Amino acid sequence: MRYSGFRVIAEALTGHKGWKPLWRDPDPKAAYDYVIVGGGGHGLATAYYLAKEFKQARIAVLEKGYLGGGNVGRNTTIIRSNYLLDGNEPFYEFSLKLWEGLEQDFNYNAMVSQRGIINLIHTDAQRDAFTRRANAMVLHGADAEMLNRDQVKALYPFLNFDNARFPIKGAIAQKRGGTVRHDAVAWGYARGADQRGVDLIQNCEVIGMRIENGRILGVETTRGHIGAGKVGVAVAGASSRVMDHAGMRLPIESHVLQAFVSEGLKPLIDGVMTFGAGHFYVSQSDKGGLVFGGDIDGYNSYAQRGNLPVIEDVAEGGMALMPMLGRARLLRAWGGIMDMSMDGSPIIDKTDIDGLYFNGGWCYGGFKATPASGWCFAHLLARDEPHPKAAAYRFDRFAKGLMIDEKGQGATPNLH
Ligand SMILES: Cc1cc2nc3c(=O)[nH]c(=O)nc-3n(C[C@H](O)[C@H](O)[C@H](O)COP(=O)(O)OP(=O)(O)OC[C@H]3O[C@@H](n4cnc5c(N)ncnc54)[C@H](O)[C@@H]3O)c2cc1C
């Protein structure tokens, strides 16, 4: 079924009886050419592009819970491509360009909203660093703009510009950044993949891998053995657990990241804003809630819930920037498990086991990467060679000392 304005009108006139489920609920087959482990944004996007762009068939996505129940449906929905380093910026700009055409591509309303993002500057040294980043972005074909204090004031006059510790001196802006309704991304990719024959199998946890003579033959699941020509693992916070089934230890730790939503308020913040002197960032949802977050909880965990010290830390960051935030009530908070890589950048690579491929290490920034990650992982699976935009995301960079130590706007693990 193709969605369109005409369809909405036709259904409205006929009692909405024609809408179909977004995807089938098939039983697993004995074997597939491609098995993707993990039905989050990255796994679903990989299956979608494998079928659509790389014309592959006999594909299954195995999800231990329900589609979109992981980080893809738990994040704070920010998309941007304001990175600094060569290994990262072209990849994230590729992703932002895919976001720009995504809704037409998969024929689903994901509420892609390029409302702009600004990162605030609080010191002269920070202005130098952000100017360098803006130049790097522009050289890679992305958009970036430096704002002075008055320009920021014109956007958000209520900010605490003269805070004695964290005065606001300007910002780096990316107007094409913004937000996307996160779970609609999972649903759009799932529907698009299903329409192209991909089997989306929920409540199917991978609990083992069948590997013989250095080659993967399939996976053991809670719904039995499923044979596979190639297996692509994209399980985010569960990366180390799943790859343990193949006897692999990863340069990845799992940490909790929390998100918060205030009660609904009148329109206040029309873009995305990050505090440059601590961990706090905020946007406002279409329903009026301020959506904000901050730092990871700071110790290893597989729990999808967070703890009070970080709530206090995030609230302090928010109050330093917008003192009136103290009057708003917090409505909801939740947590997700982050796959923190040791240089803050991801991995999209083959493993030493024939037919086994890995996608992970997204830290707390993998939502914006979803389209490019799916595309590049599908490229790797279908063609057995890395996509040029993701060529730096290799396992051996840690052994060779070629870390992509992003100091622009990625995770900086040694600072946590
Ligand atoms: C609070 C929070 C805020 C964030 N904010 C942003 C943001 O603003 N912008 C941004 O770019 N990124 C953000 N992120 C990060 C982003 O959400 C993640 O990096 C990204 O979603 C991870 O990829 P995914 O969607 O594939 O992960 P997931 O949705 O977690 O998908 C992985 C799936 O694998 C499944 N799985 C696990 N183990 C198994 C198994 N054994 N067998 C089968 N399936 C299994 C899980 O159930 C899960 O559904 C945020 C994350 C959190 C938690």
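Look up a bit, the structure's there.
### Overview of the packing of helix α3 (residues 89–106) against helix α9 (residues 370–383)
Part 1 of the argument: Between α3 and α9, the least distance of the axes is 7 Å, while the angle of their chain directions is 105 degrees. Between α3 and α9, the interaxial angle falls into the category roughly perpendicular. Contacts between α3 and α9 involve F91, F94, S95, L98 and W99 on the former and, on the latter, T370, P371, A372, S373, W375 and C376.

### With respect to the layout of surface pockets
Part 1 of the argument: Here the second largest pocket defines a volume of roughly 620 Å³.
Part 2 of the argument: Looking at the second largest pocket, it is lined by 26 residues, and the ones nearest its centre are H182, S285, K287, V291 and R332.
Part 3 of the argument: Put simply, the parts of the chain that give the lining of the second largest pocket at least two residues each are α6 (182–195), β12 (252–264), β14 (281–284), β15 (289–300) and β16 (330–341).
Part 4 of the argument: With 4 residues, β12 is the single largest residue contributor to the lining of the second largest pocket.
Part 5 of the argument: Partitioning the lining of the second largest pocket into residue classes produces 6 nonpolar, 13 polar and 7 charged.

### A few points about the pattern of salt bridges
Part 1 of the argument: Here the structure, examined in full by the defined rule, presents 25 salt bridges.
Part 2 of the argument: The salt bridge involving E11 is made with R7; its shortest N-O contact spans 2.9 Å. Within this pair, E11 and its partner R7 are both found in helix α1 (residues 5–13), separated by 4 residues, close to a single helical turn.
Part 3 of the argument: Overall, R7 belongs to the partly exposed group, its relative accessible area being 29%.
Part 4 of the argument: When the shortest N-O distance is used, the salt bridge between D143 and R176 registers 2.9 Å. Here D143, found in the loop between α4 (124–139) and β5 (145–148), pairs with R176, found in the loop between β6 (170–174) and β7 (178–179); they are 33 residues apart in sequence, far enough to count as distant.
Part 5 of the argument: Residue classification places R176 among the buried residues on the basis of a relative accessible area of 18%.
Part 6 of the argument: Taken together, the shared-partner salt bridges connect E93, K97, E100, D143 and R176 into one network.

### Structural notes on a nonpolar patch on the surface
Part 1 of the argument: A contiguous nonpolar patch, built from M1, V8 and W19 and spanning about 250 Å² of accessible area, is present on the exposed surface.
Part 2 of the argument: As for its placement among the helices and strands, W19 is situated in the loop between α1 and β1 (31–37).
Part 3 of the argument: The exposure class of W19 is partly exposed, given its relative accessible area of 32%.

### Points about the site of the ligand
Part 1 of the argument: Contacts to the ligand come from 38 residues, most closely from E63, N71, V72, T76 and K368.
Part 2 of the argument: Interatomic distance of 2.8 Å between a backbone N/O atom of V72 and an oxygen atom of the ligand.
Part 3 of the argument: G365 is positioned with one of its backbone polar atoms (N or O) 3.1 Å from an oxygen atom of the ligand.
Part 4 of the argument: In isolation the ligand exposes 1000 Å². Once the protein is present, 96% of that is buried.
Part 5 of the argument: Looking at the shell around the ligand, the elements with two or more residues in it are α2 (41–52), β12 and β16.
Part 6 of the argument: When grouped by side-chain class, the residues that make up the shell around the ligand number 19 nonpolar, 14 polar and 5 charged.

### A word on the packing of α2 against α9
Each pair of packed helices can be summarised by the angle the axes make with each other and by the distance between the axes.
Part 1 of the argument: Closest axis-to-axis distance for the α2/α9 pair is 7 Å, and the angle between their directions is 55 degrees. When the axis of α2 is compared with that of α9, the two are oblique. Two packed elements cross with a definite hand, and for α2 against α9 that hand is right-handed. Between α2, through G41, H42, A45, T46, Y49 and L50, and α9, the contact on the second element is made entirely by T370, P371, S373, G374, W375, F377, A378, L381 and A382.
Part 2 of the argument: Here the contact of α2 with α9 is built from residues that sort into 9 nonpolar, 6 polar and no charged.

### Focus on the environment of G289
Part 1 of the argument: Tracing the chain through its elements places G289 in strand β15.
Part 2 of the argument: When near neighbours in sequence (up to four residues on either side) are disregarded, G289 contacts V261, S262, E263, G264, L265, S283 and Q284.

### Focus: unusual backbone geometry
Part 1 of the argument: At T77, a residue that is not glycine, the phi angle is positive and equals roughly 70 degrees.
Part 2 of the argument: Inspection of the secondary structure assignment puts T77 in the loop between β2 (59–62) and β3 (78–79).
Part 3 of the argument: Even without glycine at this site, M111 takes up a positive phi of about 50 degrees.
Part 4 of the argument: Mapped onto the elements of the fold, M111 is located in the loop between α3 and β4 (117–121).
Part 5 of the argument: The exposure class assigned to M111 is partly exposed, which follows from its relative accessible area of 35%.

What counts, and at which threshold
Residues numbered from 1 in each chain as written. Predicted model: local features only at pLDDT ≥ 70, side-chain atom pairs only at ≥ 80, totals over all residues. Heavy atoms only, no water. Axes fitted to C-alpha atoms, helices over the stretch in contact; angles between N-to-C directions. Helix = DSSP H or I, 4+ residues; strand = E, 2+ residues; numbered from the N terminus. Parallel < 35°, antiparallel > 145°, perpendicular 65-115°, else oblique. Contact = heavy atoms within 4.5 Å. 1 Å grid on protein atoms, 1.4 Å probe; cavity = no way out; pocket = protein on both sides within 12 Å on 5 of 7 lines; lining within 4 Å. Points joined across faces, edges and corners; volume = space filled by probe spheres on them. Nonpolar A, V, L, I, M, F, W, Y, C, P; charged D, E, K, R; others polar. Salt bridge = Lys/Arg side-chain N within 4 Å of Asp/Glu carboxyl O. Buried < 20%, exposed > 50% of the residue type's maximum accessible area, 1.4 Å probe, protein only. Patch = residues over 30% accessible without salt bridge, like charges linked within 9 Å, V, L, I, M, F, W, Y side chains within 5 Å. Areas by Shrake-Rupley, 256 points an atom, 1.4 Å probe, with all protein chains shown as cover. Near = heavy atom within 4 Å. Polar contact = N/O pair within 3.5 Å; in protein donor to acceptor, adjacent residues only side chain to side chain. Left-handed = near helix turned anticlockwise from the far one by under 90°.

Functional significance is not addressed by these values, which are geometric in nature.
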